[in-house]
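Here's the letter readout for the chains.
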Amino acid sequence: MIETGQPVDREVGRVLDVRDLAIRINAHGQQVEPVAGVSFHLNEGETLGLVGESGCGKSMTGLAIMGMLPPGGSISRGSIALAGDELVGLGERAYRQVRGNDIAMIFQDSMTSLNPTKTIGYQIAEPVRIHRGASNREALERAAEVLSMVGIARPRERMGDYPHQLSGGMRQRVMIAMALACEPKVVIADEPTTALDVTIQAQVLELLDNLKAKLGMSMVLITHDMGVVASRADRVNVMYSGRIAEIAGTEDLFSRTRHPYTRDLLASIPLLGQDRGTALYSIKGIPPDLAERQSGCRYAPRCQNATAKCHEEEPVLAGVSTDHLFACWNPIDGEGVRDQSAQVQIRSAITKDVPTKPRLSLVHLVKEYRGSSSAILGRSLGSVKAVSDVSLTIGAGETYGLVGESGCGKTTLGRMIVGLEAPTSGKVLLDGKSISHVKGRDARHRQREIQMMFQDPYGSLDPRMKVSAILAEPLVIAGQLDAEARRSRVAELLDHVGLPLSALKKLPHEMSGGQRQRIGLARALAVEPRVLVADEPVSALDVSIRSQVLNLMRKLQNELGLTSLVISHDLAVVKYLADRIGVMYLGKLVEEGTGDDIYKRPAHPYTAGLIAAIPEPDPAIERGKPAAGVRGELPSPISPPSGCRFRTRCPMAQEICTTAEPPLAAIQPGHRVACHFPLSAAEAPGGANRAWQQEPHPKRLVLLDE
Amino acid sequence: MVRYIVKRLGTSLIVVIGISIVVFVLLHFMAGAPGRSVLGPTASADAVAAFNREHGFDQPLVVQYLSYVSEVLRGNLGQSFKLNQSVSDLLSDNAGRSAMLSLAALVLAVIIAIPLGTYQATKRNSASDTALTGVTFLLYASPQFFIALLAIEIFSIKLGIFPSQASQSNSPFVIFTDPVAMALPVLTLAASNIAVFARYQRSSTLDQLGQDYIKVARAKGVSERGIIRNHLVRNSSLPLITLIGVSVPSLLAGNLIVESVFNYPGLGLLFINSLQREDYPVLLAYTLIGGVLTVLGTLIADVVLAAADPRIKLS
């Protein structure tokens, strides 16, 4: 057994060595310890993943390495050595020489991370000026060089641009350019792609990988996404509640998992190939509150394997070799939860063979937002085509999933269905009757029949209303129940979503994110709607909470026979929840089919590219994957491309794609696709990936009509 | 840009016409025919009627308004019967001095408030921040005449540094030629604006300090001073531009008090005196100037904001 925490000679090849790092934060007279004794190292040229759920201390660790802890925060013990030089206790002036020069950091949100009133040229040149003592001219010269290195075309012309003139993906490239301008030894990337769409995420991650190799850097990749880690990291640190739970090589971590938390975390993530027939594994409870004192293993209260010892004594990070360490008294031996027999079976409410009668139909639905126009001259600057002629039908009791990247119009579609937006043209039919543009009593009727569950569980609940009032409000509006009946209905709802009656007296901020989302679901179900529209229902939740809510939604769908529309950017979530899936791109429905149609036999090149871009939490799949999926960026919805809207990013685009818009046509019963050259079913899914493998424009592809 | 400004000036004109109608009608109901007030209580009823007829005050309100507007468009703002001088002459004699006083106070307020607010925000919740917050609240809460009298009591009577009366020179540039005599009026006029602007600057700076780009600048190795100078101040001052724009007309109101307390011959003093003399043509013109300044202030603020913030396009 090798135990850490003892003085070991500085090893060669370690560019960063963190030992027993603890951080204390004083806030409002309270002391918390978000990081409590963390040790790890970063080898030269490697990518070390730092993963965990929110509040586990991963970002705080990154900031500590940068010497940038928030006000009130300090390193209470431990050491951080950069190539043998101690950073803890370094003076502010000396630390500034390190930041941006030896260690650089890339942050999550590129919109707020760039100064809105400075040109990107200035912002990239700034560290060069500071650290290299370069003149303005030289620094700008270097900025242009780095800008071209991160794949921005005509960098010299872009230097004078301001951040708001660039797309999200381009801004993230600028962020990377800024961090790499001085060729640092270590890059700390804190959720570098979390704010990006999957296709852009894949491009950015690939760029980071390439630059890392080219410049000989090492990288700490902080992320909550096990898929990103599986595809990009050499080694992984799993953190839980300010401590490291497990350190291992990526392959080892996924295939020979030792810590129960790692196993549970991996098991909670819905996979693309997930069997819909079984419930997702879910970790009970919520992560511990940092302010609360707790003895023993921090994970013990949620751990299946916990014994008395776990609650009393804190385990140390140890293992049979230094390559694979874990902090657990009862380590597991590599088995995954997915293989365990204790899986809950979920019976699907409707049998697929019997077509149910249509409950909700969208007929040629169009939504255009008028662009900013001048009121006096009456000149319109073009309208944003958010949804362009979408027709689809959802059967009674069916769950329909809508996926697509941001800007594809999926949320607008959902808002039109519940009546928060009026369609520009087309209509929404509920049981054959139009519910668009209705007023008065009919509008109230629609409200009762169609309810919505929102993405942000905090923002969508009135912060000053107690749960009892939140849940009773829709019942009061519906006006069918007296006070007594309302009370019992509210209690029934809480029971449905698995919350105790004591929750009634709580305010939204007194609950966890998962509990709040349960309240959001309960509120939507209060008036027994026939249709539920759920817009990104689990996007704001942590992985372990996400699976709890997903399971709950599956359970309720079946029990209540609810018809629902689930909108998400996450194909795995949609595939798990939905019977049928529609894929949207730039306001258009481009493909529709069952989960297996979409995942196993994608016919639209966009669908195939989207699937190829999704990082799966399995290194074996990820290593075998070709280069990132869909190339390029989303065209402007103000003037979408002629013909097929996807043609500007499609590797298979031909002459006809620019002139004729492909209709949504069935290639198999129930599987419709809008493409002139749909991919052959025999080729997919590997074939679908292969469509994206051959760069830049493969002419030889197996097409249906060949 | 030019097109935008022309368009905005067009809409501004509509606003100013609206203001003029409201003010004209209000004054009419307050004063009606001014014959009696001009000629005094001893004049005969016939003389009053003759005066009103001669100056068109017996005409219907609409006709009176239209003839007033056509005169204004020709540059004639009417006649002060009390002073027997054209209103235009009266205003142009005094406007320059008032404008310089207001401008000096405004510039001083901005020069003091931006560093003050920024300092407070960067030292948030420290003893100095709390103390300065106390001072700014005190300034904010104190009526201007009170500040003026206090300033005279302390600086003029007790300490004898500054005179209690402003310069009586006719030059609009007395601020430069006799700064000592102008110190108290300018400071008094600036005081409450310093308080308002500094509070605003403080909260806007706090907002910006929480933004990620500050963290990014730090991660690049930029010094704290560099962050404040190169990244923070420009962004945090943007909201202040609009505030300064809308506070231009309030300076005019401040002038009323400051000019009368320090006996400074400007528009404000003219207005007060005209009010006591019931000299309505002057009051009407002064109110119109207020309206024009309001409109111009916001227009200038919008243009300056567009120049300072690349995200804003005027179109």
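Because the structure is a prediction, the values reported are computed rather than measured.

Procedures and definitions
Residues numbered from 1 in each chain as written. Chains lettered and ligands numbered in written order. Predicted model: local features only at pLDDT ≥ 70, side-chain atom pairs only at ≥ 80, totals over all residues. Heavy atoms only, no water. Contact = heavy atoms within 4.5 Å. Buried area = accessible area lost by both parts, 1.4 Å probe. Salt bridge = Lys/Arg side-chain N within 4 Å of Asp/Glu carboxyl O. Polar contact = N/O pair within 3.5 Å; in protein donor to acceptor, adjacent residues only side chain to side chain. Helix = DSSP H or I, 4+ residues; strand = E, 2+ residues; numbered from the N terminus. Axes fitted to C-alpha atoms, helices over the stretch in contact; angles between N-to-C directions. Parallel < 35°, antiparallel > 145°, perpendicular 65-115°, else oblique. Left-handed = near helix turned anticlockwise from the far one by under 90°. Nonpolar A, V, L, I, M, F, W, Y, C, P; charged D, E, K, R; others polar. Pairing = 2+ DSSP bridges. Buried < 20%, exposed > 50% of the residue type's maximum accessible area, 1.4 Å probe, protein only. Disulfide = S-S within 2.5 Å.

**A few points about the interface of chain B and chain A**
- Each partner contributes residues to the interface: chain B has 24 residues there, and chain A has 30 residues.
- Interface area for chain B against chain A, summed over the two sides, is near 2400 Å², with a carbon-plus-sulfur share of 60%.
- For chain B, the biggest contributors to the area lost against chain A are Ala219, Lys220 and Pro310 of chain B; these three give 25% of the whole.
- Here chain B and chain A share one salt bridge between them.
- The partner of Glu126 of chain A in a salt bridge is Lys220 of chain B, and the shortest N-O contact between them spans 2.9 Å.
- On inspection of chain B and its partner chain A, the count reaches 13 residue pairs in polar contact (both at pLDDT 80 or more).
- When contributions to the side of chain B that touches chain A are tallied by element, the ones reaching two or more residues are α1 (2–31), α10 (212–219) and α11 (224–261) of chain B.

**Concerning the packing of helix α6 (residues 127–141) of chain B against helix α9 (residues 179–209) of chain B**
Residue and element names in this part refer to chain B.
- Following both chains from N to C, one finds α6 and α9 inclined at 135 degrees, their axes separated by 8 Å at the closest point. Compared by their axis directions, α6 and α9 come out oblique. Here α6 runs over α9; the crossing is left-handed. Residues Asp129, Thr133, Thr136, Phe137, Leu139 and Tyr140 of α6 touch α9, and the partners they reach there are Ala191, Ser192, Ala195, Val196, Ala198, Arg199 and Arg202.
- In terms of residue class, the contact of α6 with α9 is built from seven nonpolar, three polar and three charged.

**So, the sheet that holds strand β19 (residues 425–430) of chain A**
Residue and element names in this part refer to chain A.
- On the basis of which strands lie adjacent, the open sheet formed by four strands has the order β17-β14-β19-β20 and antiparallel pairing. The outermost strands of the open sheet, each flanked by one partner alone, are β17 (384–395) and β20 (433–434).
- Relative to β20, β19 runs antiparallel, the two being bridged by two bridges. Its bridge partner lying in β20, Leu429 is registered against Ser434.

**A word on unusual backbone geometry**
- One non-glycine residue, His364 of chain A, adopts positive backbone phi at about 45 degrees.
- In this structure His364 of chain A comes out as partly exposed when scored by relative accessible area, which is 45%.

**Overview of the state of the cysteines**
Residue and element names in this part refer to chain A.
- As enumerated under the stated definition, the model contains zero disulfides over all chains in all.
- Counting only cysteine sulfurs, Cys657 is the nearest neighbor of Cys644, a cysteine outside any disulfide, at a range of 5.9 Å.
- Among the cysteines around Cys675, which has no disulfide bond, Cys650 carries the closest sulfur, lying 6.1 Å off.
- Residue class for Cys675 comes out buried when judged on its relative accessible area of 17%.

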